[in-house]
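A closer look at the structure
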Amino acid sequence: MKRMDASATPVRGTAGDAPLVVIDHVDKHFGELHVLKDVTTSVARGEVVVVIGPSGSGKSTFCRAINRLETIDSGTITIDGEVLPKEGKQLAQLRADVGMVFQSFNLFAHKTVLENVTLAPTRVRKRSRKEAEARAMELLDRVGVANQASKLPSQLSGGQQQRVAIARSLAMDPKLILLDEPTSALDPEMINEVLDVMVGLARDGMTMIVVTHEMGFARRAADRVIFMADGRIEEEATPEKFFDAPQSPRAKDFLSKILAH
């Protein structure tokens, strides 16, 4: 796989564009547990937002709520000017524009790599098999696993499977990609190969919301860091400001613990 230049400056969306994602006063409970508390933020087109914070802070719920894998109790989430519907065909249409990459890959075990990547474009986007397969091979080559196209997921390493999952997400030509702890299930030597792909996407201007513990990725690829604690957004800043001069006591405490190792 061609290693992507981690130091390259990402290309961003046009200044003055309306935000692609608007999250407005969102609350979410799991029973008595209040997991998202009055969360409000927005994401610009072409922006890379990295969400970090301690375990149990609401990061994954925040990410999953954006395409309504988790319902919300109050507030609104708007994607490209459309309020996220609660269910039905409209929700399916909106979800088609929002890619999702999970920590556990979620590939179809009984389908080949190529079939995994072409399934949604042929069924949802109604593309011809020939067109979908050509695009899939381009994307598999981009993430460095084109030579694995005929294999089943079980025949691939974890890092290769996650790169296939990213290619599968890109095959729908999404407006936005959500990545929920995309490297947390990987062995250490496989993490960088996935982070390299993510850095390349950031450089190419893909709008991304990434929940991760990888502080190096946040420093080199993020436009903005969102720090969450106890279900709230405690702080938002550029990586430079956040890592070099955090403002909130919770962020200072969090960074002092993770950066000391």
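About the thresholds
Residues numbered from 1 in each chain as written. Predicted model: local features only at pLDDT ≥ 70, side-chain atom pairs only at ≥ 80, totals over all residues. Heavy atoms only, no water. Pairing = 2+ DSSP bridges. Helix = DSSP H or I, 4+ residues; strand = E, 2+ residues; numbered from the N terminus. UniProt positions renumbered as here; feature names shortened; annotations may be inferred. Buried < 20%, exposed > 50% of the residue type's maximum accessible area, 1.4 Å probe, protein only. Phe/Tyr/Trp six-rings, centres within 6.5 Å; stacked < 30°, edge-to-face > 60°. Polar contact = N/O pair within 3.5 Å; in protein donor to acceptor, adjacent residues only side chain to side chain. Contact = heavy atoms within 4.5 Å. Axes fitted to C-alpha atoms, helices over the stretch in contact; angles between N-to-C directions. Parallel < 35°, antiparallel > 145°, perpendicular 65-115°, else oblique. Left-handed = near helix turned anticlockwise from the far one by under 90°. Nonpolar A, V, L, I, M, F, W, Y, C, P; charged D, E, K, R; others polar.

The next subject is the sheet that holds strand S2 (residues 33-43). The strand order across the open sheet formed by 4 strands is S2-S1-S4-S5, and the pairing between neighbours is antiparallel. One side of each edge strand has no neighbouring strand; the edge strands of this open sheet are S2 and strand S5 (82-83). As judged from the 5 bridges shared by strand S1 (residues 21-30) and strand S4 (residues 74-79), these two strands associate in the antiparallel manner. Bridge assignment links valine 22 to a residue of S4, and that residue is threonine 78.

Moving on, we come to the UniProt feature "domain: ABC transporter" (unreviewed entry) in the chain. Mapped onto this numbering, the UniProt entry gives "domain: ABC transporter" (unreviewed entry) at residues 21-255. Along residues 21-255, the helical share is 37% and the strand share 25%, with 27 Å between the first and last C-alpha atoms.

With that settled, consider the environment of isoleucine 79. With respect to the secondary-structure elements, isoleucine 79 resides in strand S4. With a relative accessible area of 2%, isoleucine 79 lands in the buried category. The spacing of isoleucine 79 and leucine 107 is 28 residues in sequence and 26 Å in space, taken between C-alpha atoms.

Quick look at the packing of aromatic side chains now. In the structure shown here, the tally under the stated rule is 3 aromatic pairs. What links up through ring pairs into an aromatic cluster is the set Phe227, Phe242, Phe243 and Phe254.

Tracing the backbone through its elements, the reader meets threonine 41 in strand S2. Separated by 3.2 Å, the side chains of threonine 41 and arginine 224 make a polar contact. Reaching out from threonine 41, the side chain makes a polar contact with the side chain of glutamate 236 at a distance of 2.9 Å. Filtering out sequence-adjacent residues up to four positions away, threonine 41 remains in contact with Val21, Val22, Ile23, Phe62, Arg224, Ile226, Ile233 and Glu236.

On to the packing of helix H4 (residues 129-142) against helix H5 (residues 158-170), then. Interhelical geometry of H4 versus H5 gives an angle of 140° and a closest axis separation of 9 Å. Between H4 and H5, the crossing angle belongs to the class labelled oblique. In this structure, H4 crosses over H5, and the sense of that crossing is right-handed. On the side of H4, the interface is formed by Arg135, Leu139, Leu140 and Arg142, while H5 contributes Val164, Ala167 and Leu170. Looking at side-chain class alone, the contact of H4 with H5 contains 5 nonpolar, no polar and 2 charged residues.

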